[in-house]
Amino acid sequence: MVSRRMIALLLGSALVLGYVQYDTVFGSVQPTLTVENNDTTAYQLSAYTVESSEQAMYMNFEVTTRDGERRLKTLSQLVWPDGDRNVTFADDGVPIQQITVAPGETVTTTIDGWARGDVTVYLGEKISDNETHVYTRMRTCPRTGQKHSVTFKEDGGISGSSLCA
């Protein structure tokens, strides 16, 4: 004979598991992005959504190098900022969103075009400094309910985080 305590424990576990499963399957599909600007200059953050990390690393961008030369670079060459300016995406068929945040502003949005398992790539540029590339991050999570954040700090620093719910 099963005790009442065991039945209550099993029912409670089933409810928690059901809630987690429901949120994983039916939760907010697109990742949520919050961009906070605590600096005294505006920034532009571009978000790209691709199927895999490998595909992301081969994405092409036209850039102006610090020597003033206009050339093509892959994302793998933009992982670490190197004084490149005017970073412009050069491929077709990749969903792009651009967010501009003024000093003291916070913007929250969802990343459109994301499907389960996709990789989101973020590229940040400092607008007042000839659109100098200052930030690159890739976020990957197979689940819905993701929350990504980027904070541009007053001292010029940048922090980012992600939650794979």
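Provided above is the structure to which this section pertains.
Please read these numbers as outputs of a predicted model, since none were measured by experiment. (Residues numbered from 1 in each chain as written. Predicted model: local features only at pLDDT ≥ 70, side-chain atom pairs only at ≥ 80, totals over all residues. Heavy atoms only, no water.)

1. Comments concerning the overall build of the chain
Short version of the rule: By the criteria applied, helices consist of DSSP H or I runs no shorter than four residues and strands consist of E runs no shorter than two, each listed in order from the N terminus. Each residue is placed in one exposure class: buried if its accessible area under a 1.4 Å probe, protein chains only, is under 20% of its type's maximum, exposed if it is over 50%, and partly exposed if it falls in between. When checking whether two residues touch, look at their non-hydrogen atoms; a contact exists if any pair is within 4.5 Å. Only the protein chains shown count as cover for residues, and all accessible areas are computed by the Shrake-Rupley method using a 1.4 Å probe.
Scanning the chain from N- to C-terminus turns up two helices and 11 strands. Along the chain, from the amino end to the carboxyl end, the secondary structure elements read α-β-β-α-β-β-β-β-β-β-β-β-β. A burial count over the chain gives 34% of its 165 residues as buried. Of the contacts made within the chain by residues no fewer than 6 positions apart, 61% connect residues no fewer than 24 positions apart. Approximately 9,500 Å² of the chain is accessible, and the part contributed by carbon and sulfur atoms is 52%.

2. Section: the environment of V29
Topologically, V29 is positioned in the loop between α1 (4-26) and β1 (32-37). For V29, a relative accessible area of 40% translates into the label partly exposed. Not counting residues within four places of it along the chain, the set of residues in contact with V29 comprises W114 and T144.

3. Observations regarding the state of the cysteines
Basically, it comes down to this: Cysteine sulfur atoms are paired as a disulfide whenever they come within 2.5 Å of each other.
Summed over the entire model, instances satisfying the criterion amount to one disulfide. Note that C141 is cross-linked by a disulfide to C164, the S-S spacing being 1.8 Å. The chirality of the disulfide connecting C141 with C164 is right-handed, given an S-S dihedral of about 65 degrees. Of the two residues, C141 sits in the loop between β9 (132-140) and β10 (147-152) while C164 sits in the segment after β11 (158-163), which places them 23 residues apart along the sequence. Classification of C141 by relative accessible area gives buried; the value is 3%.

4. A short note on the nonpolar core
Across soluble globular proteins, nonpolar side chains show a tendency to be buried alongside one another. Put simply, the test is: What makes a nonpolar core is a set of buried Ala, Val, Leu, Ile, Met, Phe, Trp, Tyr and Cys residues whose side-chain atoms join them at distances within 4.5 Å.
Membership of the largest hydrophobic core comes to 14 residues, with the highest contact counts inside it found for Y48, M59, F61, L75, V121 and L123. If you list the elements that add at least two residues to this core, you get β2 (43-50), β3 (60-64), β5 (85-89) and β8 (119-126). Here this core gets three residues from one element, more than from any other, and that element is β8. Among all residues touching L75, those that are not within four sequence positions of it are A56, M57, M59, F61, V121, L123, T136 and M138.

5. A closer look at the pairing of β1
Put simply, the rule reads: Two strands qualify as a pair provided DSSP detects at least 2 bridges between them.
Of the two faces of β1, the one lined by L33, V35 and N37 is fully buried and the one lined by T32, T34 and E36 carries no buried residue. Sheet analysis places β1 next to strand β7 (residues 106-110), joined by five bridges and oriented antiparallel. Across the sheet, T34 pairs through a bridge with T108, a residue of β7. Here β1 pairs with β10 via six bridges, running parallel. By the bridge assignment for β10, E36 is matched with T151.

6. A closer look at the sheet that holds β10
Put simply, the rule is: Whenever a helix is involved, its axis is fitted only over the stretch in contact; in every case the axis is a line through C-alpha atoms, and angles between N-to-C directions fall within 0 to 180 degrees.
Sheet architecture is open: four strands sit in the order β7-β1-β10-β11, paired in mixed fashion. The sheet is open, and its two edges are formed by β7 and β11, each paired on a single side. For this sheet, the mean angle separating the axes of adjacent strands, direction not counted, is 10 degrees.

7. As for unusual backbone geometry
You will see that N86, though not glycine, has its phi angle at about 50 degrees, which is positive. Inspection of the secondary structure assignment puts N86 in strand β5. For E131, which is not a glycine, the phi torsion comes out positive at approximately 55 degrees.

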